[in-house]
Amino acid sequence: DSGVTQTPKHLITATGQRVTLRCSPRSGDLSVYWYQQSLDQGLQFLIQYYNGEERAKGNILERFSAQQFPDLHSELNLSSLELGDSALYFCASSPGTGEKLFFGSGTQLSVL
Amino acid sequence: TQLLEQSPQFLSIQEGENLTVYCNSSSVFSSLQWYRQEPGEGPVLLVTVVTGGEVKKLKRLTFQFGDARKDSSLHITAAQPGDTGLYLCAGGGWTGGFKTIFGAGTRLFVKA
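Thresholds, definitions, all that
- Residues numbered from 1 in each chain as written.
- Chains lettered and ligands numbered in written order.
- Predicted model: local features only at pLDDT ≥ 70, side-chain atom pairs only at ≥ 80, totals over all residues.
- Heavy atoms only, no water.
- Contact = heavy atoms within 4.5 Å.
- Buried area = accessible area lost by both parts, 1.4 Å probe.
- Salt bridge = Lys/Arg side-chain N within 4 Å of Asp/Glu carboxyl O.
- Pairing = 2+ DSSP bridges.
- Helix = DSSP H or I, 4+ residues; strand = E, 2+ residues; numbered from the N terminus.
- Axes fitted to C-alpha atoms, helices over the stretch in contact; angles between N-to-C directions.
- Phe/Tyr/Trp six-rings, centres within 6.5 Å; stacked < 30°, edge-to-face > 60°.
- Buried < 20%, exposed > 50% of the residue type's maximum accessible area, 1.4 Å probe, protein only.
- Lys NZ or Arg CZ within 6 Å of the ring centre and 35° of its normal.

(A) Seen up close, the interface of chain B and chain A. Taken together, the 20 residues of chain B in the interface contact 18 residues of chain A. Between chain B and chain A lies a buried interface of about 1500 Å² when both sides are counted; carbon and sulfur atoms form 54% of it. Taken as a group, B:Phe98, B:Thr100 and B:Phe102 account for 30% of the area that chain B buries against chain A, more than any other trio of residues on that side. If you look at where chain B meets chain A, you find 0 salt bridges.

Structure representation (structure tokens):
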């Protein structure tokens, strides 16, 4: 058990809908990262937050947004969903800059 | 754009054999990590290497970081079925914030 909790584990929705994925980092970790994993793209970095502030951005679509709350949990919001958004979404946390990432078990998103 | 290329993409071997997987890039990384991922789970950190030429051993696994900090290898001695999984290398560096990017992975299957 990595100590990182992600909910829900599975999510099935329709195109055009909006969903929210939730992540609770390990106790004491200030950084939260979001990654998308699909069969053809591998593990793609989306965005990082550190102590409530956005620190780094990767290949995150404008339809996607995230935030980190004062209690350090984070949410990833995906809107106007398309079939191609179907993927595993992982949250990871680290104490600092990200040289050691601890991953949650992921949320499997299926857009039908 | 920083990219990490892993080879081979897929490897199927018999229990007891040795193997090496590679991770290469044209970019220099401040650190490089190896993770192992099993189906339905998030990646789990195996090792972090930070110094060019560094060699780290973890039981039957030997990790090496290239002198120029652009490449790495993972050697497994006497592979066991429990080594089966997706091996991912990840590189960290400062490009508009500290980002950790992942290679596509080597999928290893060890047959009993």
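(B) Structural view of the sheet that holds strand 1 (residues 5–7) of chain B. All names here are of chain B. Strands sit in the order 1-3-8-7-6 across an open sheet of 5 strands; the sheet is antiparallel. Each end of this open sheet is capped by a strand with a single partner; those strands are strand 1 and strand 6 (55–58). Ignoring strand direction, the axes of neighbouring strands in this sheet form an average angle of 15 degrees. Across 6 bridges, strand 3 (residues 19–24) lies against strand 8 (residues 71–76) in antiparallel orientation. In the sheet register, Asn24 faces strand 8, and the bridge partner there is Asp71.

(C) Structural context of the packing of aromatic side chains. The final tally for this structure, using the stated rule, is 9 aromatic pairs over all chains. With 5.3 Å between their ring centres and 90 degrees between their planes, A:Tyr35 and B:Phe102 make a pair best called edge-to-face. A residue pair is termed interchain when its members come from two chains, as with A:Tyr35 in strand 4 (residues 31–38) and B:Phe102 in strand 10 (residues 98–102). Each member of the pair, A:Tyr35 together with B:Phe102, is buried. The interplanar angle of 75 degrees and the centroid separation of 5.9 Å between the aromatic rings of A:Phe103 and B:Phe102 together place this pair among those described as edge-to-face. Placement of the pair is A:Phe103 in strand 10 (residues 102–103) and B:Phe102 in strand 10, with the two residues belonging to separate chains. Accessibility assignment for this pair places A:Phe103 and B:Phe102 in one class, buried. The rings of A:Tyr35, A:Phe45, A:Phe90, A:Phe103, B:Tyr35 and B:Phe102 are connected pair by pair, giving a single aromatic cluster. In this structure, A:Arg26 packs its charged tip against the face of A:Phe102, placed 3.7 Å from the ring centre.

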